[in-house]
Amino acid sequence: MPLLEAIRLAFRTIRGQKLKSFFSLVGVLIGVTFLIAVVSIVQGMNRYMVERFANTLIGANTFELRQRPSINMGNITHETWLEWLRHPRVSYADADFVRDRIRTPATFAKFCADRVSVHYDGKVAKDVELVGTEETYFRIRNYELAAGRAFTAQEVRASQPVLVVGHELAEKLLPGVDPVGKVVQVGGLPYRIIGVVARQGTLFGLSLDKFAIMPFSAQGRRLICPINILDALIVRTDDPTQMQLALAEAEAAMRSRRQLKPSEENDFAFQTAEGALGSWKKISRILFLALPGLVAISLVVGGIVIMNIMLMAVSERTREIGIRKALGARRRDILAQFVVEAATLSAAGAVMGIGFGILLAYAVKALTPLPAAVAPWSVAVGVILGVSVGLAAGVYPASRASRLDPIVALRAE
Amino acid sequence: MSALIRIRDLGREYRMGDERILALRGVTLDIHRNEYLAIMGPSGSGKSTMMNLLGCLDTPTAGEYWLNGEEVSRLTDDALARVRNREIGFVFQTFNLLPRATSLHNVELPLVYAGVRGRERRERAAAALDQVGLGHRMDHRPSELSGGQRQRVAIARALVNQPSILLADEPTGNLDSVTSDEIMRVFTQLHAGGQTVIMVTHEPDIAARTERVVVLRDGQVESDRVNRGAAA
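Along each chain, the written sequence defines residue order, and numbers are assigned to residues from 1. Lettering for chains starts from A, numbering for ligands starts from 1, and both go in the order in which the items are written. In view of the model being predicted, local features appear only for residues whose pLDDT reaches at least 70, and side-chain atom pairs are presented and counted only at 80 or more, with totals across whole chains, interfaces and linings using the full set of residues.

*Asks:* Account for the environment of B:E108, naming residues and giving values.
*Replies:* Secondary-structure assignment places B:E108 in helix 3 (residues 103-114). With near-sequence residues (within four places) excluded, B:E108 lies in contact with B:R121, B:R122 and B:A125. Only runs of H or I of at least four residues qualify as helices and only runs of E of at least two qualify as strands under DSSP, and these elements are numbered from the N terminus. C-beta atoms are placed from the backbone for every residue, and two residues are taken to be in contact when these atoms lie within 7 Å.

Written as structure tokens, this is what we have:
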């Protein structure tokens, strides 16, 4: 029997018993749904982590010299944490020392930040990220100004009480007003808003626009950092190679400044975008390692279900097999009929699973901050797996059917 | 003229545990083209075994069976399937139609296995249904048809591949007498049109309508006579 004929026959049989067919392909459906959904979500996360998370928080070709890493995912042991806390903090002098010794072309910014409240006209905005930094910070972050201007090197040197605010802060605290030129209160001190940074969007559903940036030398500094102490020195280079060079130079400079022996560990840390992704990469690798196992289990179960259904079908349709044989069906015709039926059943499950998987991925995307991107290869793998599970599950029942004696089969009830 | 069916010393032995049962013991028979023949006999006479062997559903353990010039007694399963497809049209007592398929699809089945495709297959199946007077019931399923109509569908299916023999096993066994009569008239007509018809039955009045009656007893031919009173 030609393949197309067999597939048409299989569809006719499946349509003839929709509910039973649906239940028999549920296993494959779940397996493929799972495959598509997990791959989509992990892939989406991956892209998101690389494009948004790492590059938003750290930036490309950029590293930060810190007391300890600022972005931690996964488990940090208590010992590691204590070890980090024992590190000396980064001082202004550390930052200047390192800056002087990095020969690679780079842009530097001293950096300090904490959460504070900002007041204006009886209103208050809580949990605002107050950043104390230098004028170079805007270039390092690629911030574009939606209104006003950034502060200048002179204003940093002169410790001017000026603020450049994030979009959301401006909208919340000064709705319907042009924020530029207005004076807000930060920790009881008056600060004049001179610029608004263009909208940055969200990360994991958290706003990236609720911040205020001031010269690190301004008076409000005491709200966010002790005197002479920095959270980080940010170093931005032009490309990954230069970043590695600058990183090496910075490490050498810090080790000599801290007078570390070769056997001693660094008592400072560098945070890179790559580093921030490290833990995520570990998680996604584990997910991708576990995925085949999880998918395999549901597919094996699905295959067994289909095999059982097909065995039942063979005994239920013994008479049909007898009739077909009497009318001239050869063994291979019967074999093909049942194998194709199992494969079609399973493939139908796989196609539904792909549909459900994509729906699930988009549901996750719509209902949570987690992104999702359907990977075309996972769809292809889903179809191939579906068909092969069906073929494998169909072979045994089909070969039993094909070997039935037509005389006995015709007598079956 | 050489016989369409040439059977020599045909024997069929079954083993049930340690017991050997000789269902057929040395049957010799010639059947010519366009004969209308009934095989009769009480139950246990070897009638069913004879039918299975004639229909190439089974192979003999002794003797020879030549069908249309080919020795079919030693063929493999798949070769037998091909012979059944090309040479034999079955009509069963219980009709044996596929319950979920339409009349047209049921009649198409032998053509599917003969490798006839698409439009030609549909046209030939429709023509066969027309021939048995069911051209207007092509899209009905067996459950929507009367017993007589079902048997007509089965006859159309048996004819669609233009087989050498039409082999009917108690074709009226499940039908009332009026419908039986109708179906028997279809067979008589087909025979008049040149079709070779072999009917296996235990009903004398059915056998009486054929032209030759072979009676089996204990696996052997008890009598083989021309039926002079046959309604022609």
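*Asks:* Summarise the packing of helix 1 (residues 3-16) of chain A against helix 11 (residues 331-367) of chain A; cite the residues concerned and give the values.
*Replies:* Residues and elements named next belong to chain A. A fitted line through C-alpha atoms represents every axis, and for helices the fit uses only the stretch in contact; the resulting angles, taken between N-to-C directions, go from 0 to 180 degrees. Running from N to C, helix 1 and helix 11 cross one another at 65 degrees; their axes reach a closest spacing of 8 Å. Helix-helix and strand crossings are classified by hand; for helix 1 and helix 11 the assignment is right-handed. Mapping the contact onto sequence places A6, I7, L9, A10, F11, T13 and I14 in helix 1 and A336, Q337, V340, E341, T344, L345 and A348 in helix 11. For this scheme, ten residues count as nonpolar: Ala, Val, Leu, Ile, Met, Phe, Trp, Tyr, Cys and Pro. Four count as charged, namely Asp, Glu, Lys and Arg, and the remainder, Gly too, count as polar. A breakdown of the residues in the contact of helix 1 with helix 11 according to their chemical character gives 10 nonpolar, 3 polar and 1 charged. Crossing handedness is read from the near helix: turned anticlockwise from the far helix by less than a right angle, it gives a left-handed crossing, and turned clockwise, a right-handed one.

*Asks:* For the sheet that holds strand 7 (residues 165-169) of chain B, give the residues involved together with the corresponding values.
*Replies:* Residues and elements named next belong to chain B. The 6 strands lie next to each other as 6-7-8-3-9-10, forming an open sheet whose pairing is mixed. Since the sheet does not close on itself, it has two edges, and those belong to strand 6 (88-91) and strand 10 (220-226), each with one partner. If you compare each strand with its neighbour and ignore which way they point, the axes differ by 20 degrees on average. Only strands that DSSP links by at least two bridges are regarded as paired with each other. The pairing of strand 3 (residues 36-40) with strand 9 (residues 212-217) spans 4 bridges and is classified as parallel.

*Asks:* Tell me about the interface of chain B and chain A, and name the residues and values.
*Replies:* Taken residue by residue, the interface counts 18 residues in chain B and 17 residues in chain A. For the side of chain B that touches chain A, a count of residues per class yields 9 nonpolar, 3 polar and 6 charged.

*Asks:* Which residues make up the domain arrangement of chain A, and what values go with them?
*Replies:* How big an interface is tends to be stated in terms of accessible area lost as the parts join. All names here are of chain A. Per the domain assignment, the segments making up chain A are domain 1 (3-52 + 278-411) and domain 2 (62-276). The centre of domain 1, based on its C-alpha atoms, is set 53 Å off from the matching centre of domain 2. Of the residues lining the interface, 7 residues belong to domain 1; the matching set on domain 2 comes to 8 residues. Looking at the side of domain 1 that touches domain 2, the element that brings in the most residues is helix 9 (residues 273-316), giving 5 residues. Split into classes, the residues belonging to the side of domain 1 that touches domain 2 amount to 3 nonpolar, 2 polar and 2 charged. Where each domain starts and ends follows an automatic or database-derived domain assignment.

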